[in-house]
Every structure is written in structure tokens, then in C-alpha cells.
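Descriptive analysis of the structure
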There are 12 protein chains.
Amino acid sequence: MNILILNGPNLNMLGKREPGIYGSESFEQIMEELRAAFPSHSLHYFQSNHEGAIIDRLQQCLTDGTQGLVANMGAFTHYSYAILDALRLLSIPKVEVHLSHIFAREAFRHTSVISPACDGMISGLGKYGYQAAIAWLLQVQQKSTEH
Amino acid sequence: MNILILNGPNLNMLGKREPGIYGSESFEQIMEELRAAFPSHSLHYFQSNHEGAIIDRLQQCLTDGTQGLVANMGAFTHYSYAILDALRLLSIPKVEVHLSHIFAREAFRHTSVISPACDGMISGLGKYGYQAAIAWLLQVQQKSTEH
Amino acid sequence: MNILILNGPNLNMLGKREPGIYGSESFEQIMEELRAAFPSHSLHYFQSNHEGAIIDRLQQCLTDGTQGLVANMGAFTHYSYAILDALRLLSIPKVEVHLSHIFAREAFRHTSVISPACDGMISGLGKYGYQAAIAWLLQVQQKSTEH
Amino acid sequence: MNILILNGPNLNMLGKREPGIYGSESFEQIMEELRAAFPSHSLHYFQSNHEGAIIDRLQQCLTDGTQGLVANMGAFTHYSYAILDALRLLSIPKVEVHLSHIFAREAFRHTSVISPACDGMISGLGKYGYQAAIAWLLQVQQKSTEH
Amino acid sequence: MNILILNGPNLNMLGKREPGIYGSESFEQIMEELRAAFPSHSLHYFQSNHEGAIIDRLQQCLTDGTQGLVANMGAFTHYSYAILDALRLLSIPKVEVHLSHIFAREAFRHTSVISPACDGMISGLGKYGYQAAIAWLLQVQQKSTEH
Amino acid sequence: MNILILNGPNLNMLGKREPGIYGSESFEQIMEELRAAFPSHSLHYFQSNHEGAIIDRLQQCLTDGTQGLVANMGAFTHYSYAILDALRLLSIPKVEVHLSHIFAREAFRHTSVISPACDGMISGLGKYGYQAAIAWLLQVQQKSTEH
Amino acid sequence: MNILILNGPNLNMLGKREPGIYGSESFEQIMEELRAAFPSHSLHYFQSNHEGAIIDRLQQCLTDGTQGLVANMGAFTHYSYAILDALRLLSIPKVEVHLSHIFAREAFRHTSVISPACDGMISGLGKYGYQAAIAWLLQVQQKSTEH
Amino acid sequence: MNILILNGPNLNMLGKREPGIYGSESFEQIMEELRAAFPSHSLHYFQSNHEGAIIDRLQQCLTDGTQGLVANMGAFTHYSYAILDALRLLSIPKVEVHLSHIFAREAFRHTSVISPACDGMISGLGKYGYQAAIAWLLQVQQKSTEH
Amino acid sequence: MNILILNGPNLNMLGKREPGIYGSESFEQIMEELRAAFPSHSLHYFQSNHEGAIIDRLQQCLTDGTQGLVANMGAFTHYSYAILDALRLLSIPKVEVHLSHIFAREAFRHTSVISPACDGMISGLGKYGYQAAIAWLLQVQQKSTEH
Amino acid sequence: MNILILNGPNLNMLGKREPGIYGSESFEQIMEELRAAFPSHSLHYFQSNHEGAIIDRLQQCLTDGTQGLVANMGAFTHYSYAILDALRLLSIPKVEVHLSHIFAREAFRHTSVISPACDGMISGLGKYGYQAAIAWLLQVQQKSTEH
Amino acid sequence: MNILILNGPNLNMLGKREPGIYGSESFEQIMEELRAAFPSHSLHYFQSNHEGAIIDRLQQCLTDGTQGLVANMGAFTHYSYAILDALRLLSIPKVEVHLSHIFAREAFRHTSVISPACDGMISGLGKYGYQAAIAWLLQVQQKSTEH
Amino acid sequence: MNILILNGPNLNMLGKREPGIYGSESFEQIMEELRAAFPSHSLHYFQSNHEGAIIDRLQQCLTDGTQGLVANMGAFTHYSYAILDALRLLSIPKVEVHLSHIFAREAFRHTSVISPACDGMISGLGKYGYQAAIAWLLQVQQKSTEH
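Cut-offs applied
Residues numbered from 1 in each chain as written. Chains lettered and ligands numbered in written order. Predicted model: local features only at pLDDT ≥ 70, side-chain atom pairs only at ≥ 80, totals over all residues. Heavy atoms only, no water. Helix = DSSP H or I, 4+ residues; strand = E, 2+ residues; numbered from the N terminus. Rg over C-alpha atoms; globule rule 2.2 N^0.38 Å. Buried < 20%, exposed > 50% of the residue type's maximum accessible area, 1.4 Å probe, protein only. Contact = heavy atoms within 4.5 Å. Areas by Shrake-Rupley, 256 points an atom, 1.4 Å probe, with all protein chains shown as cover. Lys, Arg positive; Asp, Glu negative; His and termini not counted. Charge placed at Lys NZ, Arg CZ, Asp CG, Glu CD. Least-squares fit on C-alpha atoms with pLDDT ≥ 70 in both. Pairing = 2+ DSSP bridges. Buried area = accessible area lost by both parts, 1.4 Å probe. Salt bridge = Lys/Arg side-chain N within 4 Å of Asp/Glu carboxyl O. Polar contact = N/O pair within 3.5 Å; in protein donor to acceptor, adjacent residues only side chain to side chain. Nonpolar A, V, L, I, M, F, W, Y, C, P; charged D, E, K, R; others polar. Axes fitted to C-alpha atoms, helices over the stretch in contact; angles between N-to-C directions. Phe/Tyr/Trp six-rings, centres within 6.5 Å; stacked < 30°, edge-to-face > 60°. Parallel < 35°, antiparallel > 145°, perpendicular 65-115°, else oblique.

A look at the overall build of chain A
Across its full length, chain A carries five helices and five strands. What you see for chain A is a C-alpha radius of gyration of 14 Å, in line with the 15 Å of a compact globule of 147 residues. Judged by the C-alpha coordinates and their principal axes, chain A covers about 45 × 35 × 25 Å. Classification of the 147 residues of chain A by burial places 61% in the buried group. A separation of at least 24 residues holds for 77% of the contacts in chain A among residues at least 6 apart in sequence. Of the accessible surface of chain A, which amounts to about 5,200 Å², a share of 50% is contributed by carbon and sulfur atoms. Treating the 10 positive side-chain charges of chain A as one cloud and the 13 negative ones as another, the clouds have centres 2 Å apart.

Structural notes on the relation of the copies chain E and chain B
Superposition of chain E onto chain B requires a rotation of 120° combined with a translation of 0.0 Å along the rotation axis, giving an RMSD of 0.0 Å. Expressed as a symmetry operation, the mapping of one chain copy onto the other fits a three-fold axis. Interface overlap between copies: only 13% of the residues of chain E at the interface are likewise at the interface in chain B, consistent with a contact formed by different surfaces.

Re the pairing of strand E5 (residues 120-123) of chain A
By the alternation rule, side chains of E5(A) split into A:Gly120 and A:Ile122 and A:Met121 and A:Ser123, which are all buried. Of the pairings in the sheet, the one linking strand E4 (residues 94-98) of chain A to E5(A) comprises four bridges and is parallel in character. Its bridge partner lying in E5(A), A:Val95 is registered against A:Gly120. Inspection of the sheet shows E5(A) paired to strand E5 (residues 120-123) of chain B by three bridges, in the antiparallel sense. Across the sheet, residue A:Met121 finds its bridge partner in E5(B), namely B:Ser123.

Considering the relation of the copies chain A and chain B
When chain A is fitted to chain B, the best match, at an RMSD of 0.0 Å, comes from turning it 180° and sliding it 0.1 Å along the axis. Taken together, the turn and the small shift mark the pair as related by a two-fold rotation axis. Closest approach to the rotation axis within chain A is made by the C-alpha atom of A:Ile122, at a distance of 2.2 Å.

What to know about the interface of chain E and chain B
In this assembly, 15 residues from chain E lie in contact with 16 residues from chain B. Contact between chain E and chain B buries roughly 1,300 Å² in total, counting both sides, with carbon and sulfur atoms accounting for 54%. For the pair chain E and chain B, the interface holds two salt bridges. The tally of links from chain E across to chain B stands at 10 residue pairs in polar contact (both at pLDDT 80 or more). Residues belonging to the side of chain E that touches chain B are distributed by class as follows: six nonpolar, five polar and four charged.

Here we look at the interface of chain A and chain B
Facing the 21 residues of chain A at the interface are 21 residues of chain B. Carbon and sulfur atoms make up 62% of the area that chain A and chain B hide from each other, which totals about 1,700 Å². On inspection of chain A and its partner chain B, the count reaches zero salt bridges. Our count for the chain A to chain B interface comes out at six residue pairs in polar contact (both at pLDDT 80 or more). Looking at the side of chain A that touches chain B, the elements that each hand over two or more residues are E4, E5 and helix H5 (128-146) of chain A. Broken down by element, the residue count for the side of chain A that touches chain B peaks at six residues, all from H5(A).

Focus on the sheet that holds strand E5 (residues 120-123) of chain E
With respect to topology, 10 strands assemble into an open sheet ordered E2(E)-E1(E)-E3(E)-E4(E)-E5(E)-E5(I)-E4(I)-E3(I)-E1(I)-E2(I), the strand pairing being mixed. Across the chains shown, the open sheet's two edge strands, defined by having one partner strand only, are strand E2 (42-47) of chain E together with strand E2 (42-47) of chain I. Strand after strand, the sheet turns through a mean of 20° between neighbouring axes, direction not considered. With respect to the sheet, helix H3 (residues 51-60) of chain E is in contact with strand E1 (2-7), E2 and strand E3 (68-72) of chain E, its orientation differing from that of E1(E) by roughly 170°.

Describing the sheet that holds strand E2 (residues 42-47) of chain A
In spatial order, the strands read E2(A)-E1(A)-E3(A)-E4(A)-E5(A)-E5(B)-E4(B)-E3(B)-E1(B)-E2(B); together these 10 strands make up an open sheet with mixed pairing. Only two strands of the sheet have a single partner each, and these edge strands are E2 of chain A together with strand E2 (42-47) of chain B. Between one strand axis and the next, the sheet turns by 20° as a mean value, whatever way the strands run.

Structural notes on the packing of aromatic side chains
Two aromatic rings are characterised by how far apart their centres lie and by the angle between their planes. All names here are of chain A. Throughout the structure, instances matching the rule amount to 78 aromatic pairs over all chains. On the numbers, 4.8 Å between centres and 65° between planes, the contact of Phe27 with Tyr130 is edge-to-face. Of this pair, Phe27 sits in helix H2 (residues 27-37) while Tyr130 sits in helix H5, placing them 103 residues apart in sequence. As far as burial versus exposure is concerned, Phe27 and Tyr130 are alike and both buried.

Points about the packing of helix H3 (residues 51-60) of chain C against helix H4 (residues 81-88) of chain C
Residues and elements named next belong to chain C. Contact geometry of H3 with H4 gives a least axis separation of 9 Å together with a crossing angle of 5°. One element, H3, and the other, H4, form an angle in the roughly parallel class. Counted together, Glu51, Ile54, Ile55 and Leu58 of H3 and Ala82, Ile83, Ala86 and Leu87 of H4 form the full contact between these two elements. By residue class, the composition of the contact of H3 with H4 is seven nonpolar, no polar and one charged.

With respect to the arrangement of the chains
With no contact between them, chain A and chain G keep their nearest C-alpha atoms 21 Å apart. Nowhere do chain D and chain J come into contact; their C-alpha atoms are at least 12 Å apart.

A short note on the side chain of C:Arg57
Mapped onto the fold, C:Arg57 is located in helix H3. Once you skip the residues sitting within four places of it in the chain, C:Arg57 turns out to touch C:Leu4, C:Leu6, C:Phe46 and C:Asp64.

Focus: the environment of G:Thr77
Residues and elements named next belong to chain G. Inspection of the secondary structure assignment puts Thr77 in the loop between strand E3 (68-72) and helix H4 (81-88). Thr77 sits 45 residues away from Glu32 along the chain, and the two C-alpha atoms are 25 Å apart. Here the side chain of Thr77 touches Gly74 through a polar contact of 2.6 Å, landing on its backbone oxygen.

Written out as C-alpha cells, the structure is:
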């Protein structure tokens, strides 16, 4: 299965930023672990601090064969209606992931404006959230193949 | 690992209620699948439509050796501060699970008053959410054992 | 027709409580009058101060042949989303009744969280509200029988 | 008993408008049924799309012997404080009726600014709501006559 | 004087829960101290995690000779309008007690929906709050006896 | 000076309605007193329960020589933006009058949507409010004549 | 095509009112220009300051052959749910027009309660807004005729 | 009649401050005019920028024979609940006066927290507001003397 | 123990003001009773209608040996953030007292802006509230002395 | 006339996205039609998913001879204050266009933060909205040329 | 240049209060440093815990030759509209200073009601804020002298 | 000291935009003045209209030796939580600067979502704000060097 892992602003700093909260691994290391866990699948990775670049990348999914999406939009989660619209363009299964538990942090993080365009959300399970999201995408694909 | 799966009001009707949204399996069937998936662990199950019974059950966890909690509090999620307080009594890892994606439904379901007492949340992944929650609990236990 | 009259918290105190507002009859007396008014129909009665017991009772309606519901949920009307979910399980006709006129009392009583799961509401007509609700249930049944 | 049935804006279109929601009978037909159901009482009918005409008509009730009021103020229900004031002029029993269940429709219909001046409300019982309202008015009159 | 000490959800865990905030005594020990402080009075104790059981117990006070109430409703304080209604049934003097100072904690604890049915509130004085509440009840009784 | 006294809905019932609050005089009697108090001026009077009729009358003021306005818009005060617009058409001095003190009554009466188009407001001085308003209009005219 | 131009309160004062904002032409002159611009179509005009008269006129459209509506409801735009309901009776294409740009004026003008019943809105283009609205109605008709 | 004119913060600057809005007279000159207009009455004057001094002065009215109050509390109008309480101590007639029209200025000036303790308000009539307030106090006294 | 009883605006009028609510004793009489009840302790009393004088007095406590505070800030309770800051200067135990039950009165009295700087609150127990507050201060002192 | 048509995020997907709502034409086709409709004018087109790129482009208008702007900012309409500021830099006539009727869609689309910097808005008229906007720009230019 | 440094409630406790936040210097020491930094200018200092005394002092500035103002109003910043009005009396340049960063503290400190009457604000730069404010005042004076 | 001056959207237009508010100097000229004022320090400058580019630049500060930050985020100040997160990555001293006084402008500018990640704010002192911010950074560095 072709899966895109899409990370938003400041997630490129993982491992360098507040390790007490986010852990000391970089996301490159996490990608290696994910690829090791799902060896027979193609996991693509894209990160940007630019809202527009994320929208461009999401639109690309319409034509590049992406079959599932795992998206951690960082702070864009809380105000980017433009990303919401871009997510709505895609009819593939989509899961929203947050490393920390956003509902136990500051008030402005308790709202996700992109949730209505996603199929589910995993929050607060750390890097394992990405793994669970991918596993779920595979299940969904398997089921729709069986029909 | 000793894990309690705790379900709140109306979840005993699973399989009989809006199968288009919630699927046609009963939770008993789901428990069988979960036990099959984690054969070397003890998965306990408790469901109640009574807020007080749920609080009683949570307090029991202090002394009955429960090591992890997967809680789907149904509609109590949105107003039961008493369950929030009971969850705070427990220092074991706790994950909140919702079958449907609560942030894509009616406005009153966009708030979880129990989130501040949980370590994470999985929403909208259907019955797979329970499986991912258990897998995460096992990881957490493994890590804390390694130290 | 099989009809359930379901009363919520503190309605068992009717006749003992603020007679200036609620009248001096107990609900048992009102039930007798209702049964006298509709002699050819089965009117069942259940009251509880326990939210969970009310949900249990509503779920029972799925299998015990109840064909219509008259529900006065007392103060639960204003915050019990769990009862809302339980009401949604039932596809029989359902009417919400309030003895006093809830929209002319304190602000917190101006909201009914269970209304979206009911077919109608009668508020402020005293015990007559129950009679009107039953009469309407009979009309609805008659019509659907004629088709 | 002298009873005024007072209908507000657009209710003259009944039968021509969204029959799926409001039924296919005109209100003239409904009036005939009501008069047949209460043959020994005088049922007067007034409808207007003009807020001022409705206030004029309500004021007339002070002197024309009206003994009870059944009012369906249509959309005026949600903003006409002037009708609220006019209703307060009358000390006769007053019941608010809505054909559809206003609390299960758009948000702006969940508020009734005229409720504080009425004795009760019936919502969502279709044309039967008028019949129940009249029956209650008769009961109230009978009781006050007995004293 | 016959006084009921009524404790709500999670207060049975006193002494086992966050001793830094709530102290290390169990409520049973506090009851002993209270009985020692007021030897000539009957102090009854009831605790439940069940909203319905608390309402049942409050209704019992109408007939069991209870002359004063000291109520710590725990988290129910913040949303149980059903308990508010049950408190309104009782015309005996009633004092609301909170061990910690609820107005200096999380925002949702700054609201007491049961206050309008109580004569007073003591917040933040720890177990001494119960003692002061009882002393006040005795004063009130003494005064009304003098008249 | 040509002055229009403009009264809104239900003010024609003055003297017949809640005399404890509004006094027992009709507005016709009040007009006589006002004319007696200002014998050398033309006081015109218009009342309507119809928002549209009030707007028509206000527009007439553009051509009929009206030089000052005293307006008591009754309940329209709180929601009629159409009257606000009509008032803005007039460049003559305008005073808003309320018999009772609207800021000491129900919350919905604490807002005047027409205030931004008036030069002043008098509230709570009973019928004297009209007299003070007229006197102020005369002062304003006198000043602008002196220049 | 039979088109109704419907203007609400105070629009009869056009040309006499704040020419800096609204221009110095009367609406009669604007109607002449519109008729000259669309010589092969019937443009009917109706204006009223009376909410009820506007509702009456809208209801008439059900039977008088009106095929398209251009409505500038003036201040009624912001609170008349009764006009909203009347507009919903009509299945012809409907465009809302505002001479000034209502979203750049006072806060209360930023809401249009009638928008949900219209197909589109033109705001701030002055009298040209009417012309654009009619042109769009003709396009819509042409398309539906082609099918 | 003994009348106290009570002015709050910054009103001692009258005549020196924004003459375009407040006029160029000092309040001492205005007091002279008021005394000339009501030669047979005792008009006392007190101004302070100190909230506490105003409360002290109001309490004095309980014993110094003051029979009526004209109060312009300046900006204290909008937040001083302590002055509200002091006003409630007095059972004499009380009128609130504002030189400018507070409801046509900034939003924070649209609320008067002291209004519930006053009999009426005059806003926007300039210095004439004081004169109208005194005239009304005299009328009230005359009436209560006649009884 | 050195204890300061600090009363805010209008509490000097006790006994003269609304005796139905506040009792007919002056606070001087209450102080005598309190001193009689705690003969071996120094009870100091200060009252002012001046916010600034109260802040000055609170600052004095830093150097005059005050060991405990009982504060009834009257209406300042609801808006004086300056008193909140002054209370925060003091590390002695502090109890907030209200004679009437502020949470059962007007809405603006349901908020205490000074609560976050106090250890507890007693509301609605009349003059007994002061006695209970002092007794608690003595207990706290005794405990900290034992350590 | 030199006119810039500026489109925001996701509008490059027109024709590929929800054709039921937005039509099946790409914007390139729409541009051809617009150029055909206004052959004697220069219509420039720019689209970007990047907020910053849009701001850069707007700033360019200060020096590249653009004389009018038609802007459809997509989802940026609802939160980009930075684009608002950029629009304010330009003194040319500016019209906001929305293909669908934004006031009849989700709540977050009912707000346009860029409206205060535009001269008008057209919403819900589909691609015709662009045409009407250009026609209005031409009229405005013509008028200002005539002076 | 004649500059007034004006400090509000509790700022006289500087150095004695929470040194971790506010530093251990008294304001007298800070004044010495400021005077040393600006030896050729007259820096006057006034502090009070009394809102009225601060207003009195501000009014004095109209006549005592004050040419610039540096104001730290402490907690009055958040609710004293009376100080706002007093600041508006002065046409000299005025800067608001806060020692700590008020926007990073409790929610009630995020609002400054006096900002609209000041030319600028410096928040969170500690005692250096006063120095920067004075330097800016000198620059402003120099510029206006050059003209 | 190595200091970054970071400017957000539209600040590159300084000198070309509303000179009445922002002055007629370009920011390049201001940078020259700042460098002249602090000749022994390295002042770096970066401006972008792209939110992502600003985040990239902030992240660079982790490795390029930047020791202090002066940030004027323009309109991003009011909604960019992504910039807030990026600012939190940096542990160097950070000051927020605004040329105009944002609290005296439109309501949406009264909120700064980035304030919680800054040490202080200077608003409304024009270009001098940058100078004061740099001076403060130097003071802070000097102090931490002395320890």
C-alpha cells in the first residue's frame, strides 16, 4: 500500500525540541522504525513549515497513487481551513495523529478544524500513534479489497 | 498484563443499534477478537449504563491489580466530571476510545471532559481503536519494565 | 396499544412537593385516571431517580413490545446526553412531557438535550399533558395501521 | 367556551407548502375538524402575515369575550417581543402550538420569546396539537367554574 | 439534633487519594471526630458514587426525622440539576461543604448548580468545614426553638 | 414648534394594562396634559401596533413640517432595525422615551437598537418623560434660532 | 421572463436619503434604467415598509407567474425569519441585493437571516447590483430551458 | 425639598474638558442656574473622584434629611457595585443623569450597574438633564405629600 | 492569636440596612460577641468604604503582627483585582466571609475575583460565618505550631 | 482596463473537485470566457495555495499598473488578516467573489475577515460572479474618468 | 522635561513582594537610577493604592506643568474606566508600563481598559520599561520642539 | 551581541504604506539607524510575507548563534499558532514589537497569540520600539554575563 506520512510546522525539530514532551528521537529515526514495521508497504514522508506547500502536496495525492494518509498538521490543526479544504479533495482514508495529547494542553489546542475531513484521530500515544494509524489504513484497504 | 476494557452507556446495544455507523458486531464478539489478538494477556470487560457503577468499578482498579485502562465512556464523555475525578484516582496508563469520530458529529460531542485525566485518545477507527489502545498499553508497560 | 410512561428524578415525590406548582395528586392517582381514560390500552409505568436505570428501561423497550413512549425526564432533560442516545435506539413514537412550563422557569430549564430524539413536546399543561401525549400516540398508530 | 385560534405568518399556505413536513390539508379543513370535535364551543379563527394585525387582534380579546387562546405564531415566535407584550395583556389561559417539533429543527427555532407569556406549549404533534390545546383549555375552564 | 452528612462521588476514597490536597484521614475517621465533638447529637453518614442513590437518600429525609443537612456533592456539584431538585424538596437547613477551595481550582469547579437550594456554603477549610456546618445547624435549630 | 409624539405597540392600552406599573391614565389624557403644558406649540400624536405604519409615519416627517420627535417604540425598541433606519432619515432632534425604567426590567429590554439614531433617552420617569423630552426639543430649537 | 423586484423598508426614500452613500437617483429612475436594459422582459416592482405586506406579496408569486426574484429586504434582512419562511415557499431562482456593502457597515448588518433561502447575494455594487441579479436570472432560465 | 446633586469622577473638570462634547460651563455655573431655577428648594452639591468618598456621602443621606438624589456617577456607572449597594440603602427617590448620551458612545458605557437601584435615568440632554431630574423629584414629592 | 476582621463597603451600615436579610445587629455588637467567644485572642477590626484604604490596611499586616485574616469585601468581592493583588502579598491564612449566600443572589454576585488569593470561603451562614472562620484560623495556627 | 483575477487555495482544482457544487469547468476555461466577454481589456490571472505568495502578488499591484481587483481568496477569506492588510495597501477598486453562497454553508464560512478592505462582495452566483465583478469595475473606472 | 511617573496599587510593595517575579529593588531605588540616567530632566513620582487619589493627581497635571506621563496602573489597568477618563483629560504624551508581561499571566490581566487613552505600552521588560518610556517621551518632545 | 530583527507580512511596504500612521521611512533606513545606534553589535534582518519562511528562519536561530530576537509579526500576531510553536523552540530572550498601538486599533488586533512565548512587548512607540527592544536585550545579556 502507498501511504503518505505528512507532518506540519516545527515537526522537523523533533528530537531537538522539548524532549521531555516529544521524546529524543528525530522523525527520520521514527520513519526508519515505521518502514521496518511495515516492510511490504511504501511509506512516503513529507514535512513543511509552509501551509501552501502542504496543500500542494495534498493535491498531488490525487494523481501520484497515494492510497492512505497519516497527517500530523502541528499548529495548523487549529486554524487552517485551507488544509481542511485540501483534505476534502481526497477520497482515500485519512487519519489525524498528534504526538502529545492535545486535549490535555492549552485551550487553543482543543479544537481541530481539520477533523471533519478525516476518518479518525489518535492523540497522545507518542510515535506509536503513527504505527497504529498505518495499521488501521492497511485493515481498511484489506476490507475494501475483499469486497 | 491486566487490562480493563470499560464501556459506558448504550454500548451494550452494539450490533443492535445503527449498524450503518457502528457495525453489526456485538461487543462480545469484539472482545473475543481482542482476546484472540492478545492471547497472553488478561482482558477484563465491564459495561454499565450507570455512572455510579462505572465510578465504583474504576475505584476497584486501585486494589484488583489492573495495570492499564481502555475507556469508552459513551455520552458520559461529554459531561461526567465525576468520572473525570475517578479516573484521576488511578495512576495506571489510560486511553480514551471512541468508535465513531466524535469531532465529526454533533457539536456537543466535540468536548471530552475526561480527556485531562487520560494519556491519549483514539477516535473514529471503529473497533480497531480498542486493539491499538491495548497495543500501546503493552508498549508502555514494556518500556517501564526495561528501566 | 402498549405504552410506557417513563418518569425521571423526583417525580415520585409528586403530591408531596410544591403542590402550588405541581398539584396535590400523587402520580399513582394520575396513572389511575390515565388508565380509566384509555381502558382498552396497556399503560406501563416506570420511575427512577437513577439515570442508568432509565437507560436500562429504555433499552428493554426494544424487546418487550412497547409501541409508544411518554417521557418526563425531570432535571435529566437538561444534561443527560446518555438518555438522548438511549432514546435514539428506539424507533417507536416518543413524546416529551413537562408538568410545569419549563420555558417560563429558570434559564437552565430552557434547554432540552433530549428533544432531538423525540417527535414532540408538551410543556406546562400539568397532568393533562400525559393524556394528550397518549391520545396522540394512538392517532399515530391508527394512521400507520391504516396504510 | 369562546376560543380564538390565532395563526401567524405563512400558516395560510398550509397544504400548499412542504406537504412532507406540514401535511396536505389546508388550515380551513383543520378548522372544520376541530369544530366537529368540539361542537358545543365557539372556535374563532384569525390568521395574518402582519405582526401589527396580530397585536390588534390580541388586544380585541380584552373586550370580545374570548376565553381561551391557541396561538401558533410561526416565525414571529422567535423574535416578536411586541407580541409577547400583547399576550401579557390577556389574563385568559393561553397555549402555544407548533406543528413541527421546533426543537429538532434549525437553531434559531429553539428559542421562543413568547413562552414567558403562555401557560404551556405543544410542539411537534402536527394538527393534533391544536386539538389537545383546546381540550386543555376546556379542562381549565371547567375547574375554575367548579370553584 | 438529627443531622445527615451526605458525601458524593469519590469521597469514599478520602485518605487514599491525593493526600497532599485532601489529607491522609479517611472519612470514617473524620466521622469519629465529628461524633466526639457533638456527643449529644445524632450524626448519620451516607456516601455514594451514584447520583440516583443520593437523590433516593435525600427524599428519605422527608420522613426519617432528619433535621439538618451537610452536603459535599463532589463533582456532582457542577452539573447535577437532579440533585438540585431533590434538595429543593427539603425545607430543613442545608449547608454545602467543599474540602478544597473550589473557586481556586479548575474553571469548571467555579460553578455550583446546587447552591440556589442551600442556605450557605463553606469551601476550602478542609475537614473543619464539616464541623463549622454542624455548629451552624445547631445554632439555627436553637433559634427556631426559642421562638 | 411642530412636534410628533410617536408611540409603538401596545401603548394604546395604557390605562387598561398593569396600572401598578404604568399608571391608570390613558395616553389621550396624557396628550391633553401635554398640550395644556405647551399651549403655543403643535403636538401631533400617532400610535400603531404595526412596524410598517410607524416607518410610513416617520418618512412623512420629511415633508409635513415636523420639527422634533418624541418616540416610545415599545417592544420594537429591542429588535426593529427597520425603525432605526427610518429614524436615521430625519435630521430633526429626536428623543427616545420609556415609561418604565427599561434597564431595571428583563434582560432583553436592556438593549435599544434605535439609540444610535436618537439624540437622547429618558427612561423610568413615567409620563413626565414625555414632558421633559418636549421641553428639551424646545430648548434645542431656541438655540438654533438664536444663531 | 417575469421578474419581481422586491424592495423592503425605507428603500422608497432612495434619492432623498444619504445620497453620499446611496446615490441621488430615486428607485423609480432605477426601474426605468432596468427596463431599458432588459426590454424584452417584464420587470415588476413592489416596495413596502410593512413586513406583512412583503410576505403577502411573496405568497402571491406562487400563482401570478413570477419566474425570478430580486429582493433587497433592507433592515428586515437582519431579523425577519418570517420573510425567510415566505421565501422558502418559492422554488423560483432568488437573488438577494444590497446597495451598500453590508459587511463593511455596522455589526448587526453582517448577518443575513434570509440568505439560506436565496441562491445568491450581491452586496455593495450600488444600483448595478440589481442589473447583475437580473442578468443572472436570465442566464439561469435560459439554461433550464435548454434542457 | 432637600436635594443632593452627586457627581462622580472627572466631573469637576467640566468646562475644562472636551467642550465640544460637554459644553464650556463649569459645574459651579450649572449649580447656580439650577438654584436660580428652583429658588425655594435646597440643592446640595458633592463631587469626588474617590469611590469611597461617594459611598460615605450616600450613607450620610440616611441621617442628614436628604429627600431626593440626582446622581451622575461618571465612569463609576459602569463597574461600581459598591455604589449600587450604597444607593440601595436609601429609600428616597433617585435619578441617574448623564450629560452625554452614554448609549451612543463606546460599548463599555452602554451598561449601567447602578440602574437597578435608581428610579429613572436621563441620558444625553446635557445640563438640562439635571433640571429635568430635579423637576421630577419635586413632582414625586408633591404626589406623596398629597396622599 | 492576632486576627484582623476586615469589612468592605456598606458593612458599617449593618443593622440599619435591610434587616430582613442582614439581621438587626450592628457589626460592633457582633465584634463584642466574637471577642467574648475568643477571649484569649486579639481580634482587630477595620472597615472602610474606600478600596484604597483597604489595600493600605492589608499592606500594614506585613509588619503589624497580624497572623490571620477574615475578610468580607462586600461588593468589592466582585471586581477589585487591586484587593486580590494586596491579598496575595500576605502569606498568613485568609478566609473570605459573606453574610448572605452570594451564590443565591443576583448573577453579578456569583463571581469572587478575590477567591484565588484566599484559603477558603464561608457564604450564607450570617454572623456565625465570622465565628467559624476564626475557629478555623486557630486550628491552622495550632497545627503549624505543633510541627 | 488592467484587471487582476486573484484566486486562493484549492481553486486550481476547479473542475476536478465536487463538480456538483463548483461545476465541471476548469478556471482556465472560465478565464477564456471572461476574456471573450471583455475583449478590449487586459485580464491577468494568478492563483496560489501559498498565503505569502498571494501577499507578494498583491504588493506587486502597487507598481505593475493593475487598475482593478477581483479576489476569491478561498478558505483564506475566513482567517488571513495578513491578506486583509495587503489588500489595504491598494487603493484600486476591489471586489470579493465567492463561487458558492458562503452564507448558506458551514458557520466558519459566514465570516469574511477581508471584507472591510473590499468595495463589494458577490456570493453564490457561480462563475457569473466574476463577470459581474469585472463589469462593475469597468463602470467605476468610467465614472472616475468622466470627472 | 517635566515627567510624572505614576504607580498604582501595591507597587509601593516592590522589593518586598514576590522578588522572583518583580526583583528585589524598591521603587525608590529604581527612581534613583532613572534620575541618574536622565540628569537634566525633572522626574516626579507619585504612588497610591487609592483610585481617587490617582485621578486627582492626573487632573493636577493640567496645571502643574507636567509634559509627559509614564503610568503603571497595576490592577486598576484591568477595570478602572474612571482612570481612563482622567487620562483622556491630558493631551501630553502618555506611555503605559508593566513590569511583568501581563499577556503571559492570568486571563483577567490580558485586557487593558486604559490603553485607548495612551500612546503606547511597554510590558514585561522589568524596570527597564520605565527607562525606555522616558526616552521615548524625550524624543517626542524634541520632535515637537523642532517644528 | 547577535540579534535578529524579524519582520512579518507587509512590513516590507513600510514608507510606501499609510505614512500618516507608519511614517515615511522604509525599514532599510530604520535598520541603518539601529546599526548606527548599536555599532558594536551584529543586527541581522529578515522579512517575509510567508508564514513558513518565518518559521524556517526562527528554527535556523537554534544553530546560527542568534542571541536575541526582536519580532514584529504583523498580522500573523493575531492567528499564527505555528509561529508561537516556533518561538517556543528558542530559549534566547525575545521581544514583540508593534509600530502602531495595537490595543487602540480594531478588535481583532487586541489579541496576540504569540505573547505567551515572548518575554515582553512594546506597542505604539513607532520605530523607537525596535531601539528600546534592542537596548533591553543588551541589558539582559550583560546581567546574565555578570553571574
